[in-house]
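# Working through the structure, step by step
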Amino acid sequence: MLRARNVSKFHGDRASLCDVSFSIEKGSVVGLAGESGSGKSTLLRCIQGLERVDEGSISNGGCAGFIFQDFQLFPHMTAMENIVYAPARQRRWKKNTSEKAAIELLDTLRIRELADRYPAQLSGGQKQRVALARSLILKPDILLCDEPTSGLDIATTGDVIDVLKSVENQKMTMIIASHDLDFLGKIADRILVLRRGKLVADISAKGVPNLAASLRPYYGRTEDAP
């Protein structure tokens, strides 16, 4: 179980997160929604430990993998080299073991033929899959995704949904921050809505016919409403 208790995070005088509390059961898929600047990315970074909370605590009972919005693949490394970099750096596996695991992931994500290509040679959707493989190779207990469909076309977004559903079938806990409520409605069991750093809604996404309409009252600015 992941548990956040009265979490606050400040950037200067501004509270990016303010007294946020929730718990997430193992195997759940939770969407983070909210207007720009609501604290979604900050919350993911605090869960991962990339940023420290200033007040409160977060316990996740295991390790977390993180998929960044801009992928953050090493441009001078091939897809394969990007995937096996973390296990090699942590000295968790021998080289042939990590490469075998990477090939299996590339097969699962249907991009084995891209193993020797560099990020500049990949499309946005292909980079997304390489980033996902890089996170999954460490066998995390929780997968954190920051805007995984940002900048992708409809067809590629559909591919990302299929890939994440395959991860969901492994009973991995996922927390996905996204502006795309249609996407979240197709993948998430539950939606947490942040507004100005505060958790303002915690609703089930199952069986909701119009998720955007259900969440609209929780958005503060008309231009940011779904």
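Please refer to the structure higher up on the page.
All of these numbers come straight from a predicted model, not from anything done at the bench.

Below, the discussion takes up the sheet that holds strand S1 (residues 2-11). Read from one edge to the other, the open sheet built from 3 strands follows the order S2-S1-S4, with strand pairing classed as antiparallel. Two strands in the sheet have a free side with no partner beyond their single neighbour: strand S2 (14-24) and strand S4 (55-59). Neighbouring strand axes in the sheet, compared pairwise and without regard to direction, differ in orientation by 25° on average. Across 4 bridges, S1 lies against S4 in antiparallel orientation. Counterpart to Ser-8 in the pairing with S4 is Glu-55.

Among the residues of helix H1 (residues 40-48), those classed as buried are Lys-40, Thr-42, Leu-43, Leu-44, Cys-46 and Ile-47. Immediately beyond the C-terminal end of H1, within one or two residues, lies Gly-49, with a positive phi of roughly 90°.

It is worth spelling out the pairing of S1 at this point. Note: S1 against S2, 7 bridges, orientation antiparallel. Counterpart to Lys-9 in the pairing with S2 is Leu-17. Between S1 and the antiparallel strand that follows it, S2, lie 2 residues; Gly-12 among them carries a positive phi value of about 70°.

Quick look at the packing of aromatic side chains now. Inspection of the entire model under this criterion finds 2 aromatic pairs. Between Phe-66 and Phe-68 the ring centres are 4.5 Å apart and the planes differ by 40°, which places this aromatic pair in the tilted class. Neither Phe-66 nor Phe-68 differs from the other in exposure class; each is buried. When the centroid spacing of 5.0 Å and the interplanar angle of 65° are considered together, the rings of Phe-74 and Tyr-85 count as edge-to-face. Of this pair, Phe-74 sits in the loop between strand S5 (64-67) and helix H2 (79-90) while Tyr-85 sits in helix H2; the two residues are 11 residues apart in sequence, bridging distant segments of the chain. Since its relative accessible area comes to 30%, Tyr-85 is described here as partly exposed.

Attention shifts here to the pairing of strand S7 (residues 173-177). The buried fraction of S7 amounts to 5 of the 5 residues, a majority that puts the element mostly inside the structure. Both faces of S7 are covered, namely the face carrying Thr-173, Ile-175 and Ala-177 and the face carrying Met-174 and Ile-176. For strand S3 (residues 29-33) and S7, the ladder comprises 4 bridges, and the chain directions are parallel. Bridge pairing links Leu-32 to Ala-177 in S7. Relative to S7, strand S6 (residues 142-146) is paired through 5 bridges, and the arrangement is parallel. Paired with Leu-144 across the bridge in S7 is Ile-175.

The next thing to look at is the nonpolar core. The nonpolar side chains of a soluble globular protein tend to be buried, and buried together. Within the largest apolar cluster, 50 residues are counted, with the highest numbers of intra-cluster contacts made by Leu-143, Leu-164, Ile-176 and Ile-191. When neighbours within four sequence positions are excluded, Leu-164 is seen to be in contact with Leu-143, Cys-145, Met-174, Ile-176, Phe-183 and Ile-187. Core analysis: the next-biggest nonpolar cluster, separate from the first, contains 22 residues, Val-7, Val-20, Cys-46 and Phe-68 among them.

Taken as a whole, the second largest pocket holds about 220 Å³ of empty space. Considering the residues around the second largest pocket, the lining is formed by 11 residues, among which Leu-105, Leu-136, Ile-137, Lys-139 and Gln-170 are closest to the centre. If one sorts the elements of the lining of the second largest pocket by residue count, helix H3 (residues 95-108) sits on top with 4 residues. Split into classes, the residues belonging to the lining of the second largest pocket amount to 7 nonpolar, 2 polar and 2 charged.

Before going further, it helps to examine the environment of Ala-79. Its place among the elements puts Ala-79 in helix H2. Along the chain, Ala-79 and Ser-16 lie 63 residues apart, while their C-alpha atoms are 34 Å from each other.

All right, on to empty space enclosed by the protein then. In the structure shown here, the tally under the stated rule is 2 cavities of 30 Å³ or more. There is about 60 Å³ of room inside the largest cavity. Looking at the largest cavity, the residues that line it are Ile-67, Gln-128, Arg-129, Leu-132, Cys-145, Pro-148, Val-160, Val-163 and Leu-164. Secondary structure elements with two or more residues in the lining of the largest cavity: helix H4 (124-136) and helix H5 (154-168). Of the residues in the lining of the largest cavity, the class split is 7 nonpolar, 1 polar and 1 charged. Of the pockets and cavities examined, the second largest cavity occupies roughly 30 Å³. Every residue lining the second largest cavity is listed: Leu-105, Thr-108, Leu-109, Leu-136, Ser-166, Val-167 and Gln-170. Class assignment of the residues belonging to the lining of the second largest cavity gives a composition of 4 nonpolar, 3 polar and no charged.

The rules behind the values
Residues numbered from 1 in each chain as written. Predicted model: local features only at pLDDT ≥ 70, side-chain atom pairs only at ≥ 80, totals over all residues. Heavy atoms only, no water. Pairing = 2+ DSSP bridges. Helix = DSSP H or I, 4+ residues; strand = E, 2+ residues; numbered from the N terminus. Axes fitted to C-alpha atoms, helices over the stretch in contact; angles between N-to-C directions. Buried < 20%, exposed > 50% of the residue type's maximum accessible area, 1.4 Å probe, protein only. Phe/Tyr/Trp six-rings, centres within 6.5 Å; stacked < 30°, edge-to-face > 60°. Core = buried A, V, L, I, M, F, W, Y, C linked by side-chain atoms within 4.5 Å. Contact = heavy atoms within 4.5 Å. 1 Å grid on protein atoms, 1.4 Å probe; cavity = no way out; pocket = protein on both sides within 12 Å on 5 of 7 lines; lining within 4 Å. Points joined across faces, edges and corners; volume = space filled by probe spheres on them. Nonpolar A, V, L, I, M, F, W, Y, C, P; charged D, E, K, R; others polar.

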